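Descriptive analysis of the structure
Okay, here's what each chain looks like letter by letter:
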Amino acid sequence: MIGRNDPCPCGSGKKYKKCHGKNAQGDITTLVSEEIDRIVEGFVKESFHPADYRQLEKRNQVWRDSLQQTFSIKLIDKIAMETYIYIDHLELWQSYINQQLTLQTRKQVSDILTSWLKPIYMLAKVDAQTPETISITDMVTNKSYVMSGTPSKTFSGNWLFGIFMPDARQGENGLTATSSVVFIPEDKENVTEILCSKLQNGYKDSLDLYQSFVEEGKIPVEEAAQEIKSADDEVASTVDSTVSLSPFTTEVLTLTERYLTEHELVAPAFIELLTSFLEETSIKAKKAETVAAGAVLAGQANGQIPEGGLVKVKDVAGYFTVSASSISKYRDQISEYINK
């Protein structure tokens with residue numbers, strides 16, 4: 001039980017009575033959803049290491065080469081990252097969630113996190129939908145499930161394929177769709193037959209499953225997440241915002257934010273500037289640490305990062321374990337971008 005003077009579990013740093021405790025007798029669902037959102041947002045920052053980013057960079061290129069005739073590059077990057085996290089390297093996700101479970105005191109949050117420990121591939125037929133719910137049936141197991149709907153529009157596909165998570169909030173047969181789930185149009189039934197056969201016989205690897213769409217030929221497959229994403233769909237929305245950036249960009253941002261956190265510096269506007277710079281500029285650096293160090297120096301020199309961190313170039317370079325001479329190029333580039 002959370003005491004009125006205990007820190008609020010949402011992570012705001014305020015006392016519970018001055019934060020979500022004010023609405024404790026009201027909408028408890030909001031508190032639970034905000035806590036879940038905070039936990040999921042912390043996954044990449046806390047669980048990914050430089051080796052993971054390098055693997056993702058290579059993986060993205062392989063998947064783009066294999067699937068670009070069928071999917072958009074943005075969707076390919078989403079699929080490549082989510083299959084990496086939830087399927088091919090599931091231990092990363094499960095380790096993080098299990099760690100978070102040890103910190104929970106609220107049963108509703110624990111139930112949701114526990115249900116998310118086992119993401120699954122699913123090819124599903126859309127049976128019915130209302131503004132509140134979408135009913136689907138797994139074409140391999142013939143089991144029925146329910147997901148949250150979207151009041152503003154109806155789902156436009158006959159089949160769904162991708163990674164789903166059991167969702168305790170929707171009941172015993174509830175599901176949450178990840179952001180890379182796609183729908184398959186009615187006239188592309190051959191794709192569903194290929195996918196169903198592979199799932200029934202035990203797929204060899206994730207890429208092989210998605211190559212089913214290529215085997216059928218170029219078809220207008222679209223993202224289903226845009227149709228079925230709901231207000232409480234934290235997994236889809238959070239991963240979507242993460243995978244829209246390249247692994248290298250994400251690594252630079254993670255390293256920079258870690259520096260700011262460890263030195264108790266708050267600079268959200270600078271992070272937005274840095275994100276824009278990385279998206280618009282072709283960076284040839286071999287190490288994300290080099291760019292992150294240059295970013296910190298640029299932010300400090302231009303007043304975008306508050307005082308209180310490391311001041312000397314050699315100290316910043318030492319923090320990121322790079323040479324002082326290697327970071328000046330990126331410091332200057334980012335400074336120029338800031339001052340445009």
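Residues numbered from 1 in each chain as written. Predicted model: local features only at pLDDT ≥ 70, side-chain atom pairs only at ≥ 80, totals over all residues. Heavy atoms only, no water.

1. Things to note about the overall build of the protein chain
For the protein chain, the helix and strand inventory stands at 14 helices and seven strands. Counting all 340 residues of the protein chain, 50% fall into the buried class. Expressed as a percentage of contacts within the protein chain between residues at least 6 apart in sequence, the contacts between residues at least 24 apart total 66%. When the accessible surface of the protein chain is split by element, carbon and sulfur atoms take 48% of a total near 16500 Å². (Helix = DSSP H or I, 4+ residues; strand = E, 2+ residues; numbered from the N terminus. Buried < 20%, exposed > 50% of the residue type's maximum accessible area, 1.4 Å probe, protein only. Contact = heavy atoms within 4.5 Å. Areas by Shrake-Rupley, 256 points an atom, 1.4 Å probe, with all protein chains shown as cover.)

2. Digging into the nonpolar core
Of all hydrophobic cores here, the largest spans 47 residues; its most connected members are F48, W93, F161, Y210 and F213. With nine residues, helix α3 (residues 73-88) is the largest single contributor of residues to this core. Ignoring anything within four residues of it in the chain, the contact list for Y210 reads W63, L67, F71, I79, T83, Y121, F161 and G162. L274, L297, F320 and I334 belong to the second largest nonpolar core, which has 33 residues in total. (Core = buried A, V, L, I, M, F, W, Y, C linked by side-chain atoms within 4.5 Å.)

3. Some thoughts on the pattern of salt bridges
Within the structure shown, the criterion is met by six salt bridges. The shortest N-O distance in the salt bridge between D88 and R59 comes to 2.5 Å. Note that D88 is positioned in helix α3 and R59 in helix α2 (residues 50-67), a separation of 29 residues in sequence. Under the relative-accessibility criterion, R59 is labelled buried at 15%. Across the pair R331 and D332 runs a salt bridge, and its minimum N-O distance is 3.3 Å. (Salt bridge = Lys/Arg side-chain N within 4 Å of Asp/Glu carboxyl O.)

4. What to know about the pairing of strand β2 (residues 133-138)
Bridge analysis of strand β1 (residues 120-129) against β2 gives five bridges, and the strand direction is antiparallel. Its bridge partner lying in β2, A128 is registered against S135. Where β1 hands over to β2, the hairpin turn is made up of three residues, counted between the paired strands. Pairing of β2 with strand β3 (residues 144-148), which is carried by five bridges, proceeds in the antiparallel orientation. In the sheet register, I134 faces β3, and the bridge partner there is M147. (Pairing = 2+ DSSP bridges.)

5. Some words on the environment of E46
Assignment of secondary structure puts E46 in helix α1 (residues 28-47). A residue is classified by how much of its surface remains accessible, and E46, at 49% relative accessible area, is partly exposed. Spatially, the C-alpha atom of E46 lies 8.1 Å from that of Y96, the residues being 50 residues apart in sequence.

6. What about the packing of α2 against helix α10 (residues 247-262)?
Where α2 contacts α10, the axes come no closer than 8 Å and their chain directions differ by 160°. Put simply, α2 runs roughly antiparallel to α10. Read as a crossing pair, α2 and α10 show a hand that is right-handed. On the side of α2, the interface is formed by P50, Y53, L56, E57 and N60, while α10 contributes P247, F248, T250, E251 and T254. Taken together, the residues of the contact of α2 with α10 break down into five nonpolar, three polar and two charged. (Axes fitted to C-alpha atoms, helices over the stretch in contact; angles between N-to-C directions. Parallel < 35°, antiparallel > 145°, perpendicular 65-115°, else oblique. Left-handed = near helix turned anticlockwise from the far one by under 90°. Nonpolar A, V, L, I, M, F, W, Y, C, P; charged D, E, K, R; others polar.)

7. Regarding helix α14 (residues 328-338)
Buried within α14 we find Y330, I334, S335, Y337 and I338. Projected down its long axis, α14 carries its buried residues within an arc of 160°, all on one side. (Arc of directions from axis to C-beta.)

8. Details of unusual backbone geometry
Phi angles above zero are rare outside glycine, and E264 is one such case at about 55°. Look at T321: it is not a glycine, yet its phi comes out positive at around 55°. Summarising the element assignment, T321 is placed in the loop between α13 (313-319) and α14.

9. Description of the environment of P119
If you trace the backbone, P119 turns up in the loop between α5 (107-115) and β1. Residue P119 is classed as buried on the basis of its relative accessible area, which comes to 8%. In this structure P119 touches Y86, I87, L90, W93, I163, F164 and M165, once residues within four positions along its chain are discounted.

10. Observations regarding the environment of K329
Take K329: it is sitting in helix α14. Spatially, the C-alpha atoms of K329 and T290 are 9.5 Å apart, while their sequence positions differ by 39 residues.

11. Digging into the packing of aromatic side chains
Summed over the entire model, instances satisfying the criterion amount to 16 aromatic pairs. Where Y210 meets F213, the ring centres are 6.4 Å apart and the plane angle is 25°; that geometry is what we call stacked. One end of the pair, Y210, and the other, F213, are both in helix α7 (residues 206-216), three residues apart, so they sit about a helical turn from each other. Taken individually, Y210 and F213 each receive the classification buried, so the pair is uniform in this respect. Relative to F320, the ring of Y319 has its centre 4.8 Å away and its plane inclined at 80°; by these criteria the two rings are edge-to-face. Judged by relative accessible area, which is 3%, F320 ranks as buried. Grouping aromatic residues by their ring pairs yields a cluster made of W63, F71, Y121, F161, Y203, Y210 and F213. Across from the ring centre of W159, 5.5 Å away, lies the NZ or CZ of K125, which sits over that ring. (Phe/Tyr/Trp six-rings, centres within 6.5 Å; stacked < 30°, edge-to-face > 60°. Lys NZ or Arg CZ within 6 Å of the ring centre and 35° of its normal.)

Interpretation note: all reported values are geometric properties and have no functional meaning in isolation.
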